[in-house]
Amino acid sequence: GKNFLAKTGPHKVKVIFFSKTGERASPFVRQISRNYWAYASFAFVLWREEESSIWWNTFEVESAPAIVFLKDPGVKPVVYYGSFNNSRLSEVMEQNKLQELPQLRSVTSMELGCDARGYSRAGSDTTIWYCVILAGRLSPELNKMRETIRRVQETLLSDDESNAADTDQSLAPAAVAFRNKRLTFAWLDGEAQDRYCSFYLFSETSFETCGARRDMSDVPRLFIVRYKRNTTEDEAKIERKPRNIWDAMQEQEVDPASQLVVRYNGSDEIPQIAKWVSEIIQDGDSKDLPFYRAKTPELVPEDSEPLLTRSAQSLFSKSIGMKQRIRNIMGQCYDYLGDPRIGPALLLAALMSFGTIWLMRGQQRAHPSQSGQPGPSANEVIESLIMKSSV
């Protein structure tokens, strides 16, 4: 158990199957583990009565068979009892594949609606949506702020479900947006996603949040991204067909959705954070803010999929499709062609190649092969022997 928890990355949910018989995983369990490989790590444990107190104190498991989901640090484990068939296990995995406060990753950005290339969780018809991101390196400070953001989610959810007379009207915009799936909360590993983190938190103190740890200071930072799509421009793109492949690549140089970023500079109090989010949403929905688009850095995958579990569908990332990959390769080729150093480099390579060929041919002419030289005739051999004998 300790080895499993230690080896599993912090970006995955830990799934533990408790069994009384100790049988191996069934075929549908193996298929489920393969389908959700990017989201969770799986393990089997043999249930023994003499160890029941350990499992109760650790994961609050009373008996077997059972399935335990371990998510965020400090969050109570989710336990399901009884036997599971294929459909039931798939349903449970879909409900618990993400952490309580989801992590912004390459495989979750589209699903969370925190990607300028995609759409909101509310659907493709939504024009404006928001994503609150907590960035920081893995540390006790980040775990504390993750718990704070989870409490903010609970505050907005309870405010939306309570009676209108009892609700705080200052939190209404955020509560309604959260209920309508126009608002998402997520956390970002600032060390693994250095470029992505620095893109949004570019400042003199961003090294305290993004990139490798330089000193003992780890400062998690909170910011909100407002996404907006230009529906008129999207319709025009559908009607206008590119003349060639280069025109198609040029149209996708920037993200289709506009992004405006606001960083939080207040205290870590839950009511203040919730009020700040609500004010940003109210201003973003009511005011005519500038439409600014940029090219967001790609999210780096935390780990690569093992070869034995790799399938055809895993070759296509959820955030980077095959078209995007081809577009990136062709864009790099286009950048190289526009580099002023490419001409002299190609000329130098051609001269070196020509010089090598000329040198090799010159050596062949100066030193012909022995097989090509004619051997001495029989008369010359006899004359040489007679001269030697006379001497």
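Residues numbered from 1 in each chain as written. Predicted model: local features only at pLDDT ≥ 70, side-chain atom pairs only at ≥ 80, totals over all residues. Heavy atoms only, no water.

**Some thoughts on the overall build of the protein**
The helix and strand tally for the protein stands at 14 helices and eight strands. Considering the protein as a whole, with its 391 residues, one finds that 37% of them fall into the buried category. Summed over all atoms, the accessible surface of the protein reaches about 23,800 Å², with 55% contributed by carbon and sulfur. (Helix = DSSP H or I, 4+ residues; strand = E, 2+ residues; numbered from the N terminus. Buried < 20%, exposed > 50% of the residue type's maximum accessible area, 1.4 Å probe, protein only. Areas by Shrake-Rupley, 256 points an atom, 1.4 Å probe, with all protein chains shown as cover.)

**Some thoughts on the sheet that holds strand S3 (residues 66-70)**
Spatially, four strands are ordered S2-S1-S3-S4 in an open sheet, and the strand pairing comes out mixed. Strand pairing shows two members of the sheet lacking a second neighbour, strand S2 (40-46) and strand S4 (78-81), which therefore form its edges. Averaged over all adjacent pairs, the angle separating strand axes in this sheet is 15 degrees, with direction ignored. Against the sheet, helix H4 (residues 86-96) contacts strand S1 (13-19), S2, S3 and S4, and its axis sits at roughly 170 degrees relative to S4. (Pairing = 2+ DSSP bridges. Axes fitted to C-alpha atoms, helices over the stretch in contact; angles between N-to-C directions. Contact = heavy atoms within 4.5 Å.)

**Overview of H4**
Those residues of H4 that fall on the buried side of the exposure criterion are Leu 89, Val 92, Met 93 and Asn 96. For H4, the buried positions fall inside an angular range of 100 degrees around the axis, keeping them on one side. At its buried positions, H4 is contacted by S1, helix H2 (27-35), S2, S3 and S4. (Arc of directions from axis to C-beta.)

**Points about the side chain of His 11**
Following the sequence through the fold, His 11 ends up in the loop between helix H1 (2-7) and S1. Setting aside residues no more than four positions away along its own chain, His 11 makes contact with Tyr 39, Gln 99, Gln 103, Arg 105, Glu 302 and Asp 303.

**A closer look at unusual backbone geometry**
A cis geometry characterises the amide bond from Ala 64 onward to Pro 65, with omega recorded as 5 degrees. Considering the arrangement of structural elements, one finds Pro 65 in the loop between helix H3 (52-59) and S3. A positive phi angle, close to 60 degrees, is found at Glu 60, a residue other than glycine. Note on Glu 60: relative accessible area 34%, which makes it partly exposed. In this model, Lys 181 sits at a positive phi of 65 degrees, which is unusual for a non-glycine residue. For Lys 181, a relative accessible area of 43% corresponds to the partly exposed category.

**Focus: the nonpolar core**
Here is a general trend for soluble globular proteins: nonpolar side chains tend to be buried in one another's company. If you look at the biggest cluster of nonpolar residues, it comprises 26 residues, and the most contacted ones within it are Ile 149, Leu 156, Leu 183, Phe 185, Leu 222 and Val 277. When residues of this core are traced back to their parent elements, those giving at least two are strand S5 (128-136), helix H6 (140-161), helix H7 (172-179), strand S6 (183-189), strand S7 (221-229) and helix H11 (270-286). Counting residues per element, this core draws most heavily on H11, which supplies six residues. Here Ile 149 is in contact with Leu 101, Leu 134, Phe 185, Leu 222 and Ile 273, once residues within four sequence places are set aside. One finds Ala 135, Tyr 196, Tyr 200 and Ala 257 within the second-largest nonpolar core, a separate group that totals 20 residues. (Core = buried A, V, L, I, M, F, W, Y, C linked by side-chain atoms within 4.5 Å.)

**A few points about the packing of H2 against H4**
At a minimum axis distance of 10 Å, the contact between H2 and H4 shows a crossing angle of 25 degrees. By the angle between their directions, the pair H2 and H4 is classed as roughly parallel. In the packing of H2 onto H4, the handedness of the crossing is right-handed. Across from Phe 28, Val 29 and Ile 32 in H2, the residues of H4 making contact are Asn 86, Leu 89, Ser 90 and Met 93. Taken together, the residues of the contact of H2 with H4 sort by class into five nonpolar, two polar and no charged. (Parallel < 35°, antiparallel > 145°, perpendicular 65-115°, else oblique. Left-handed = near helix turned anticlockwise from the far one by under 90°. Nonpolar A, V, L, I, M, F, W, Y, C, P; charged D, E, K, R; others polar.)

**Overview of the state of the cysteines**
Applying the stated criterion across every chain, the model contains two disulfides. With a sulfur-sulfur separation of 1.9 Å, Cys 114 is cross-linked through a disulfide to Cys 131. Across the S-S bond linking Cys 114 and Cys 131, the dihedral sits near 80 degrees, which makes this disulfide right-handed. Remark: Cys 131 occurs in strand S5 and Cys 114 occurs in the loop between helix H5 (109-112) and S5; sequence separation between them is 17 residues. Neither residue differs from the other here; Cys 114 and Cys 131 are each classed as buried. Sulfur-sulfur distance for the disulfide between Cys 197 and Cys 210 comes to 1.9 Å. Because the sign of the S-S torsion sets the handedness, a value of about -60 degrees for the bond joining Cys 197 and Cys 210 places this disulfide among the left-handed ones. (Disulfide = S-S within 2.5 Å.)

**Structural notes on the sheet that holds S5**
Strand order in this open sheet of four strands is S6-S5-S7-S8, and the pairing throughout is mixed. Each edge of the sheet is formed by a strand with only one pairing partner; in this case those strands are S6 and strand S8 (257-263). Each strand of the sheet is rotated relative to its neighbour by a mean of 25 degrees, with strand direction disregarded. Relative to S8, S7 runs antiparallel, the two being bridged by seven bridges. Directly across from Arg 226, in S8, lies its bridge partner Leu 260.

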